[in-house]
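What follows is the residue order along each chain.
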Amino acid sequence: MPRSIARSRGLLIAIAVFLVLLAAVSSIGSVSLSYYDLSQMATSGATLALAAIGQTIVVLSGGFDLSAGAVISLVNAVLATFFQDAATSPSLIIAVGVGIGLISGAFNGFFVAVLQMQPIVVTLSTMFIVQGITLLIMEKPGGMVSPGLSDFLMGDAVPNALPKPILLILIVLALWAWLKRTRFGTAIYAIGSDLDSARAAGVSTRFVQFAVYVIGGGCYGLAGAFISAQTGSGDPLVGNPMLLQMFAAVVVGGTVLGGGRGGPLGTVFGAFILMMVVNILLVLNVSAYYSTVAEGMILILAVLAGSLGRTSRLTKHIRLLILRIQARRRNLLPEQRSHRPQVLRLPDAGSTAERTPTEMPGFFVRNRETLRFALPAYICFVVVVLVTQFTLGHALTSWSYFNSLIVLSSFLTVLALGQGAVILTGGLDLSLPWTIGLCGILLAGLVKGSDAALIYALPAVLAIGITVGFVNGAGIVFLGISPIVMTLAVNGILQGAALVYSNGTPAGFSSPLLRRLMTDREFFVTPVVLFVVLFVVIAVMLLGRTVFGRRIYAVGNGERVAALSGVPVERTLIGVYMLSGLCSAIVGVLLTGFSGQASLGMGDEYLLPSIAVVVIGGALITGGRGHYLGMFGGVLLLTSLQTLLAGTTLPYATRAILFGLVVLAAVMALRERRA
């Protein structure tokens, strides 16, 4: 019994929290909750619960799926566009929605299981590809879903006793209960606990990995069909806010990120917990803008609570801090002890005349590996410029083309340093979009068109970016939270902070000086071009010629080995995320100057490109290999490709599809090549 309770601790806590919140919701209002109220709550949380069940199954296997929200949006857009006839069978509509999810899951599963690529990069690329396809089908909210679907999924299964959404969730949980007791269900937990041991025990790990993404995709498709029945219309962005909520529901429900423990039942309670938290905030007249802040905080606290124990990272740091305090009181710390420096004497190697001088290898020999992975980006860049010349003209013969190219590439040039440094350590920074957005909104609000205000506004905004990076790094290092989870949660918190600060409508505009920096053509070159040249030089020196840069590569090649070699791994990781936050803040400033004002979501379109330029430039997505000059080549390639596409009649959504395909191709080409 004690062992069973320990294994189900997360589920039991989720149930207890759910009951407490349900009692809180009942006590806030002037009247007790009726069956109608409970039915509406069930309907509100069903979409998240269904989607989070799929995410849970993927997480149980040790995977991660960032494309879930985009798949829900795609299903909603397809159903609202092509299934408006009231005579269409609801079963057929649901089958189409689930089928779309299964196909997207199979796409992810092929790259993750068959080609053995990183789930984070694969599903992030799939997210942008699916978003692009969704926007091609439906550019803006509209359309209509067959009313029969709503009648089929909404309402009561048993009048005044059982709502249909609850029945649907129970059916899915029953299917999982059956699947869990099969050999396949056991294999999911086995590979989530230890992939190598499962493989050694004869488990077909690749098949299981492929299948869990397919099953997860089917759940996302079912969630997309349900939200279509709920809204009765289409919205190409309806699933985007649900990604953070899904992971929060998974973790709150007791499933361990990394796999091997947990289950969908706890996730369902986690989904309804999040729904009730948002409802409580609304009942208390708290702005809806705080919802993403609450969800991000819940995700961080849930991960932290689930990882607490004698062997957790936080416990280890607390124990080391106590030991350090005790050692300081006893004057036992190395810096408190006086000692004479010891000089190591080397044996005499003979006279200078007898030594044979070692010839310095040539440039190409010394930089052979760097050139091998960095040159392809520049070669492809030249090809794109030539294609632009032949199709649009005025490329090779026009300085204006190259000047505009460098101006447009300035944003990714800066981001490549921050995101590239994080990737070199084996991490990923998903807080980049709203760090950019918040910093841009703050700058515009503080400056309000005044050059003099830049004196205090610019340092303040850059300091906020550094602070965001420090929070990311501290959560990863001291709390032991996964970089993906930590930065995703912080991104949600920053989104809420930006909405609260701007009240949903950013005010202010850029100063004239900042505007001239980004757009002035009075002289031969735009001033920001000179900034880009200087920044590239600094970035190359930072990563290639400093102690901090060498430590980044050491950590990326192996944290344990780096720590045993005397590298301050924790300080290096925190410094890397602070650098990423600083670069994101700089981009927020540059974007505000370029457009003249700040806007909500101004950083959203830079997440995948910031990863793409690093990967295309030859960096290994798992860390330890890459050069900034290669990343800059990736920046030039992607920007020139954007310029070429902008001159054609292709829709804007094709850029997202292209970026996703380019990243997948680059990672696939370089996945087995290690320096």
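Look up: the structure comes first, before these words.
Residues numbered from 1 in each chain as written. Predicted model: local features only at pLDDT ≥ 70, side-chain atom pairs only at ≥ 80, totals over all residues. Heavy atoms only, no water.

Colleague: Tell me what's going on with the pattern of salt bridges, and back it up with residues and numbers.
Modeller: Taken as a whole and assessed by the stated rule, the structure comprises 1 salt bridge. Here Arg199 and Asp196 are joined by a salt bridge, their closest N and O atoms 3.1 Å apart. A residue pair is termed a helical-turn pair when its members lie 3 or 4 positions apart in one helix, as Arg199 and Asp196 do in helix H10 (residues 195-200) at 3 residues. Exposure remark for Arg199: the relative accessible area of 39% places this residue in the partly exposed category. Judged by relative accessible area, which is 54%, Asp196 ranks as exposed. (Salt bridge = Lys/Arg side-chain N within 4 Å of Asp/Glu carboxyl O. Helix = DSSP H or I, 4+ residues; strand = E, 2+ residues; numbered from the N terminus. Buried < 20%, exposed > 50% of the residue type's maximum accessible area, 1.4 Å probe, protein only.)

Colleague: Explain the side chain of Thr572 residue by residue, including any values.
Modeller: Tracing the sequence through the fold places Thr572 in helix H26 (residues 569-595). A distance of 2.8 Å separates the side chain of Thr572 from the backbone oxygen of Pro568, its partner in a polar contact. Setting aside chain neighbours within four positions, we find Thr572 in contact with Phe548, Arg551, Ile552, Val555 and Val567. (Polar contact = N/O pair within 3.5 Å; in protein donor to acceptor, adjacent residues only side chain to side chain. Contact = heavy atoms within 4.5 Å.)

Colleague: Give a description of the packing of aromatic side chains that names residues and reports values.
Modeller: Applying the stated rule across the entire model yields 10 aromatic pairs. Seen from their ring centres, Phe411 and Phe594 are 5.7 Å apart, and the 75° between their planes marks the pair as edge-to-face. Taken together, the positions of Phe411 in helix H18 (residues 399-424) and Phe594 in helix H26 put the pair 183 residues apart, joining distant regions of the chain. A residue is classified by how much of its surface remains accessible, and Phe411, at 2% relative accessible area, is buried. The exposure class assigned to Phe594 is partly exposed, which follows from its relative accessible area of 31%. An aromatic cluster of at least three residues, connected via ring pairs, comprises Phe107, Phe110 and Phe111. (Phe/Tyr/Trp six-rings, centres within 6.5 Å; stacked < 30°, edge-to-face > 60°.)

Colleague: Outline the nonpolar core, supporting the account with residue identities and numerical values.
Modeller: The biggest cluster of nonpolar side chains holds 192 residues, and the ones touching the most others in it are Leu299 and Tyr628. With 13 residues, the single largest contributor to this core is H18. Setting aside residues no more than four positions away along its own chain, Leu299 makes contact with Leu244, Phe247, Ala248, Val251, Val485 and Ala489. Judged by nonpolar contacts, the second largest core, of 7 residues, contains Val477, Val555, Val567 and Ile574. (Core = buried A, V, L, I, M, F, W, Y, C linked by side-chain atoms within 4.5 Å.)

Colleague: Which residues make up the state of the cysteines, and what values do they have?
Modeller: This structure, assessed with the given rule, holds 0 disulfides. Of all cysteine sulfurs, the one in Cys439 lies closest to Cys583, which takes part in no disulfide; the gap is 12 Å. Of the residues examined, Cys583 reaches a relative accessible area of 2% and is grouped as buried. (Disulfide = S-S within 2.5 Å.)

Colleague: I'd like a rundown of the environment of Met117, residues and numbers included.
Modeller: Mapped onto the elements, Met117 comes out in the loop between helix H5 (90-114) and helix H6 (119-137). Residue class for Met117 comes out buried when judged on its relative accessible area of 4%. For the pair Met117 and Leu591, spaced 474 residues apart in the sequence, the C-alpha separation amounts to 33 Å.

Colleague: Report on the packing of helix H3 (residues 35-60) against helix H13 (residues 264-283), specifying residues and quantitative values.
Modeller: In contact at an axis separation of 8 Å, H3 and H13 are set at 140° when each is read in the N-to-C sense. Taken together, H3 and H13 sit at an angle that is classed as oblique. Crossing hand, H3 versus H13: right-handed. Taken together, the residues of H13 that come into contact with H3 (itself represented by Met41, Ala42, Ser44, Gly45, Ala46, Leu48, Ala49, Ala52, Ile53, Thr56 and Ile57) are Pro264, Thr267, Val268, Ala271, Phe272, Leu274, Met275 and Met276. Here the contact of H3 with H13 is built from residues that sort into 15 nonpolar, 4 polar and no charged. (Axes fitted to C-alpha atoms, helices over the stretch in contact; angles between N-to-C directions. Parallel < 35°, antiparallel > 145°, perpendicular 65-115°, else oblique. Left-handed = near helix turned anticlockwise from the far one by under 90°. Nonpolar A, V, L, I, M, F, W, Y, C, P; charged D, E, K, R; others polar.)

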